[in-house]
Amino acid sequence: MVLEYEPESWDARWVWTKLRTEGRVRIAKVFHFERADLLGELPSDEDFENIEGFVYRFRFGSRRAGFRVIEGRRLGIAHDVRIADALPLERRLFVAHRDMSIFRGLSAVMPTGGEIVIGGNEEGSIPIPEFERLLTRFPTTTELDRYARARVADVVGQYVDGMADARRHYEEYMNRHKAIGATGSLDTEELLEAELAKYQLIRDTLRSWLSAAEVRVERDWQQLLMKFLLLIFPKYVAILENMQIADVYSTPGRSRRRFIDIALVDAAGNLDVIEIKRPRGGLLAGGDYRENGFPSRELSGTIMQAEKYLFHLSKWGLDGERTLTERYAASLPPGMSIRVTNPKAIVILGRDPTGGVWGEQAVDLEVVRRKYANVMDIMSYDDLLRRLDNVIASLRRRIDDETDI
């Protein structure tokens, strides 16, 4: 059995580097391989620069007497694993939400020694229906979020004033919404105050997260912003997560699946893409080239990733529109069809530089933004905070105007 892994082209070198320097690599936080597991030779440094779409192929297991046998080392556990042929091999059998290892969880509760056996009739094996049920009971992202929030609140919540303020704004907002339901009417000033509380909650929550940004991974930031995207960008009416699209160009004669983490649908059904990365580093690289700033490696890679998604969406055409409309009908307003009409991307990543250098880099960053303005909007987390601050300031001014009338 062979496991194939193809990184995004802009980030393909990390596996190559790990195997060359450390002799081992971990993929998706679950699959563990040594250099000896690689089928074929690693390309040389010169050859690697000219390889597009390089696919790593690793020895993953073997077939024996109606089972697929996987050495525990390749899953980072002490037990070997045997899976009956009757159960199709899929990623979901090994990886749960947030790259949690299914078999690491099983290994932790198994007696020392022996094997983990899925299917078959031998004593001690886990029947396939019971294993399938186990997969559905692994904690979801929402459950993990709730657990993490509860632990944080228990330990440090009483010391963080910002969290208390955000909670107070939220309660004020919810109380106003209850008032709408009770009376059936709301004057302009009260409506504006409810909107103000809503955006204050978003801004204060974002500021609180940014104060401890290093402890959260990219998926955490995606989950946070997805709660607010339709409020921050009101033109959109639906969010599609982990959207599957077709790639018919990377490998001639073969259609491949690609997955877009987050897509947005506006009120007319037009589809756009949003890339959310961690607020780590700046949008421009640390040095300069002939006194000019240039995009950081992460920004360049994210732009390339977004452009490829837009390319595949555009080339998919009417078939893609029909497929996506049918596949995600439950997430769309009734009767809406998805349209892929000159899709654009939104990129959120990084922070503003600190110190006097920012004044010099601001012009260079604006040049980069304008270069891609026809296909994507590029913003830092500080840009997002400024947008929220401006919305809040505008709402406060409108409330003051209402009071003066």
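Residues numbered from 1 in each chain as written. Predicted model: local features only at pLDDT ≥ 70, side-chain atom pairs only at ≥ 80, totals over all residues. Heavy atoms only, no water.

Draft legend 1. Inspection of the pattern of salt bridges at higher detail. Overall, the coordinates contain 30 salt bridges when judged by the stated rule. Here Glu-130 makes a salt bridge to Arg-133, at a shortest N to O gap of 2.8 Å. With Glu-130 and Arg-133 both in helix H4 (residues 128-137), this residue pair falls three residues apart, about one helical turn. Among the ionic pairs, Glu-195 bridges to Lys-198, the shortest N-O distance being 2.9 Å. Note that Glu-195 and Lys-198 are positioned in helix H7 (residues 188-210) at a spacing of three residues, about one turn of the helix. You can call Glu-195 partly exposed: its relative accessible area is 24%. Judged by its relative accessible area of 9%, Lys-198 is buried. (Salt bridge = Lys/Arg side-chain N within 4 Å of Asp/Glu carboxyl O. Helix = DSSP H or I, 4+ residues; strand = E, 2+ residues; numbered from the N terminus. Buried < 20%, exposed > 50% of the residue type's maximum accessible area, 1.4 Å probe, protein only.)

Draft legend 2. Structural context of the sheet that holds strand E10 (residues 256-266). The five strands are arranged E9-E10-E11-E12-E13 in an open sheet whose pairing can be described as mixed. The open sheet terminates on both sides in strands that have one partner only, identified here as strand E9 (236-247) and strand E13 (376-379). The average undirected angle you get between the axes of adjacent strands in this sheet is 30°. Direction of pairing for strand E12 (residues 345-348) relative to E13: parallel, over a ladder of four bridges. Note on E13: the bridge partner recorded for Val-347 is Ile-378. Packed onto the sheet, helix H10 (residues 297-327) meets E9, E10, strand E11 (271-276), E12 and E13 and runs at close to 90° relative to E9. (Pairing = 2+ DSSP bridges. Axes fitted to C-alpha atoms, helices over the stretch in contact; angles between N-to-C directions. Contact = heavy atoms within 4.5 Å.)

Draft legend 3. Spatial organisation of the sheet that holds strand E6 (residues 67-70). Here four strands make up an open sheet; going across it, the order is E5-E6-E7-E8 and the pairing mixed. Pairing within the sheet leaves two strands with one partner each, and these edge strands are strand E5 (62-64) and strand E8 (115-118). Looking at each pair of strands side by side, their axes are set apart by 25° on average, direction ignored. Running over the sheet, helix H3 (residues 102-109) touches strand E7 (80-84) and E8 and is turned about 120° from E8.

Draft legend 4. Region of the structure containing the packing of aromatic side chains. Here the structure, examined in full by the defined rule, presents 12 aromatic pairs. Note on Trp-209 and Trp-221: the rings are 5.3 Å apart at their centroids and 75° apart in plane angle, and the pair reads as edge-to-face. Of the two residues, Trp-209 sits in helix H7 while Trp-221 sits in helix H8 (residues 218-226), which places them 12 residues apart along the sequence. Neither Trp-209 nor Trp-221 differs from the other in exposure class; each is buried. Each member of the aromatic cluster is reached from another via a ring pair, and the members are Phe-31, Phe-33, Tyr-56, Phe-58, Phe-60, Phe-94, Phe-103 and Phe-131. Sitting over the face of the ring of Phe-67, Arg-82 holds its NZ or CZ atom 4.8 Å from the ring centroid. The positively charged end of Arg-216 is found above the aromatic ring belonging to Trp-209, 3.9 Å away from the centroid. (Phe/Tyr/Trp six-rings, centres within 6.5 Å; stacked < 30°, edge-to-face > 60°. Lys NZ or Arg CZ within 6 Å of the ring centre and 35° of its normal.)

Draft legend 5. Structural context of the packing of H7 against H8. Across the interface, H7 lies against H8 with an axial gap of 11 Å and an inter-helix angle of 170°. Judged by the angle between their axes, H7 and H8 are roughly antiparallel. Contact residues: H7 offers Thr-205, Leu-206, Trp-209 and Leu-210, while H8 offers Asp-220, Trp-221, Leu-224 and Leu-225. (Parallel < 35°, antiparallel > 145°, perpendicular 65-115°, else oblique.)

Draft legend 6. Here's a closer look at the pairing of strand E3 (residues 31-34). Residues of E3 alternate between two faces, with Phe-31 and Phe-33 buried on one and His-32 and Glu-34 left unburied on the opposite face. Bridging between strand E2 (residues 24-27) and E3 involves four bridges; their strand directions are antiparallel. Residue Arg-26 lies in a different strand from E3, and its bridge partner there is His-32. Counting the residues between successive antiparallel strands, the hairpin from E2 to E3 contains three residues, one of them, Ala-28, with a positive phi of roughly 55°.

Draft legend 7. Focus on the side chain of Glu-275. Along the chain, Glu-275 falls in strand E11. Only 3.4 Å separates the side chain of Glu-275 from the side chain of Lys-277, close enough to count as a polar contact. Among all residues touching Glu-275, those that are not within four sequence positions of it are Thr-302, Gln-305, Ala-306, Tyr-309, Ile-346, Val-347 and Ile-348. (Polar contact = N/O pair within 3.5 Å; in protein donor to acceptor, adjacent residues only side chain to side chain.)

Draft legend 8. Broad picture of the nonpolar core. Core analysis: the largest hydrophobic core is formed by 33 residues, its most contacted members being Leu-240, Met-243, Leu-271, Leu-313, Leu-324, Met-376 and Ile-378. When contributions to this core are tallied by element, the ones reaching two or more residues are E9, E10, E11, H10, E12, helix H11 (357-371) and E13. Once you skip the residues sitting within four places of it in the chain, Met-243 turns out to touch Arg-258, Phe-259, Ile-260, Ala-263, Leu-271, Leu-313, Leu-324 and Tyr-328. Counting 32 residues, the second largest nonpolar core, distinct from the first, contains Ile-27, Tyr-56, Ile-77 and Val-81. (Core = buried A, V, L, I, M, F, W, Y, C linked by side-chain atoms within 4.5 Å.)

Draft legend 9. Broad picture of the packing of H3 against H4. Between H3 and H4, the shortest axis-to-axis distance is 11 Å and the interhelical angle comes to 110°. When the interaxial angle is binned, H3 and H4 end up roughly perpendicular. Across the interface between the two elements, Ile-102, Phe-103 and Leu-106 of H3 pack against Phe-131, Leu-134 and Leu-135 of H4. Taken together, the residues of the contact of H3 with H4 break down into six nonpolar, no polar and no charged. (Nonpolar A, V, L, I, M, F, W, Y, C, P; charged D, E, K, R; others polar.)

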